[in-house]
Amino acid sequence: QVQLVESGGGLVQDGGSLRLSCAASGRTFSSYVMGWFRQAPGKEREFVAAIRWSGGRAYYADSVKGRFTISRDNAKNMVYLQMNNLKPEDTAVYACAADDSPFGIVTTAHDQYDYWGQGTQVTVAS
């Protein structure tokens, strides 16, 4: 059973920074794609960033490019989302997700991800 546990959310001022962490456990993740998604009240869940556990480039939503950075620490089974220059419109519940993708295909579609964490709230005050 795969478990994903997020941490690091909180309240920050406009222009501030936060780093979200996702602890993964339960199996070997070498073939997985790890993603971050967010959902604001009254809005659809949206893709934020993704990275292959095996390495390679990262993928970002246009709205966060240049401000957010996804990374992973294979030795610790951790995935991170560094968020800089946060804006009020970044306010949402952020969730970590894992997609068992043997061919390494990265998708931005949330319904393709197999496992989800419980989410962590990020609030950016103006």
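Refer to the structure presented above.
Residues numbered from 1 in each chain as written. Predicted model: local features only at pLDDT ≥ 70, side-chain atom pairs only at ≥ 80, totals over all residues. Heavy atoms only, no water.

A.B. asks: I'd love a proper account of the pattern of salt bridges, names of residues and values included.
C.D. replies: Think of it this way: side chains of opposite charge can pair up when their charged atoms draw near. As enumerated under the stated definition, the model contains four salt bridges in all. Among the ionic pairs, Asp 90 bridges to Arg 67, the shortest N-O distance being 2.7 Å. Note that Asp 90 is positioned in the loop between β8 (78-83) and β9 (92-100) and Arg 67 in the loop between β6 (58-60) and β7 (68-73), a separation of 23 residues in sequence. Residue classification places Asp 90 among the buried positions, given a relative accessible area of 1%. (Salt bridge = Lys/Arg side-chain N within 4 Å of Asp/Glu carboxyl O. Helix = DSSP H or I, 4+ residues; strand = E, 2+ residues; numbered from the N terminus. Buried < 20%, exposed > 50% of the residue type's maximum accessible area, 1.4 Å probe, protein only.)

A.B. asks: Which residues make up the pairing of β8, and what values do they have?
C.D. replies: A large share of β8 lies buried, amounting to five of its six residues. The pairing of strand β3 (residues 18-25) with β8 spans six bridges and is classified as antiparallel. Across the sheet, residue Cys 22 finds its bridge partner in β8, namely Val 79. Bridge analysis of β7 against β8 gives six bridges, and the strand direction is antiparallel. Among the inter-strand pairings, Thr 69 is bridged to a residue of β8, identified as Gln 82. Two successive antiparallel strands, β7 and β8, enclose a turn made up of four residues, where Asn 77 displays a positive phi of approximately 55°. (Pairing = 2+ DSSP bridges.)

A.B. asks: Describe the packing of aromatic side chains, with residues and values.
C.D. replies: One pass over the full model with this rule turns up five aromatic pairs. Between Phe 37 and Trp 116 the ring centres are 5.1 Å apart and the planes differ by 55°, which places this aromatic pair in the tilted class. Taken together, the positions of Phe 37 in strand β4 (residues 32-39) and Trp 116 in strand β10 (residues 115-116) put the pair 79 residues apart, joining distant regions of the chain. By relative accessible area, which is 1% here, Phe 37 ends up buried. (Phe/Tyr/Trp six-rings, centres within 6.5 Å; stacked < 30°, edge-to-face > 60°.)

A.B. asks: Summarise the state of the cysteines; cite the residues concerned and give the values.
C.D. replies: Summed over all chains, the structure comprises one disulfide. There is a disulfide in this structure between Cys 22 and Cys 96, and the S-S distance comes to 2.1 Å. Torsion about the S-S bond of the Cys 22 and Cys 96 cystine: about -75°, corresponding to left-handed handedness. Taken as a pair, Cys 22 in strand β3 and Cys 96 in strand β9 lie far apart in primary sequence, 74 residues in all. (Disulfide = S-S within 2.5 Å.)

None of this, on its own, says anything about what the molecule does.
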